[in-house]
Amino acid sequence: MANHKSAKTRIVRNNKRAVINGARRSRVRTFVKKVEAAILEADKAKASEAFKTAESEMMRAVGKGVFALNTAARTISRLSKKIKALG
């Protein structure tokens, strides 16, 4: 355990942020799974709609520092490619 007050404060803060960031990461993964499920159903309209919300959530997570920009861009690109292949 830390001995300085500031170090103890950081430990508490970091634990709170870990919970929040974990929830954000989980939320993004859920939206991505919805897109992938729609792609497996071969429903282009449903996939496109889910893709819009997933892209928005992914970029919000990038803005909050949960994901790196390149990671989000790569995921979005791959999903977009799969959706285009449906039509």
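Residues numbered from 1 in each chain as written. Predicted model: local features only at pLDDT ≥ 70, side-chain atom pairs only at ≥ 80, totals over all residues. Heavy atoms only, no water.

Undergrad: Help me out: how do you make sense of the overall build of the protein in this one?
TA: Looking only at helices and strands, the protein has 3 helices and 0 strands in total. Each helix and strand of the protein, placed in order from N terminus to C terminus, yields the pattern α-α-α. Counting only residues that meet the buried cut, the protein has 24% of its 87 residues in that class. Summed over its atoms, the accessible surface of the protein is roughly 6300 Å², and 53% of this surface lies on carbon and sulfur atoms. Between the mean site of the 22 positive side-chain charges and the mean site of the 6 negative ones, the protein shows a separation of 15 Å. (Helix = DSSP H or I, 4+ residues; strand = E, 2+ residues; numbered from the N terminus. Buried < 20%, exposed > 50% of the residue type's maximum accessible area, 1.4 Å probe, protein only. Areas by Shrake-Rupley, 256 points an atom, 1.4 Å probe, with all protein chains shown as cover. Lys, Arg positive; Asp, Glu negative; His and termini not counted. Charge placed at Lys NZ, Arg CZ, Asp CG, Glu CD.)

Undergrad: Even after reading the chapter, I still don't get helix H3 (residues 69-86), so can you show me in this structure?
TA: Residues separated by three or four positions in an α-helix point in the same direction, a consequence of the helix having 3.6 residues per turn. End to end, H3 covers 26 Å across 18 residues, agreeing with the expected 26 Å (1.5 Å per residue, within 8%). Inspection of H3 places Ala72, Ile76, Leu79 and Ile83 among the buried residues, and these make up the whole buried set. Viewed along the axis of H3, the buried residues span an arc of 70°, placing them on a single side of the element. In H3, the exposed positions that point more than 90 degrees away from the buried face belong to Asn70, Arg78, Lys81, Lys84 and Ala85. (Expected span 1.5 Å × (residues − 1). Arc of directions from axis to C-beta.)

Undergrad: What's the story with the environment of Ala38 in this structure? I'm lost.
TA: Relative to the helices and strands, Ala38 is located in helix H1 (residues 5-40). Separated by 43 residues in the primary sequence, Ala38 and Lys81 place their C-alpha atoms 14 Å from one another. Not counting the four nearest positions on each side in its chain, Ala38 is found in contact with Asp43, Lys46 and Ala47. (Contact = heavy atoms within 4.5 Å.)

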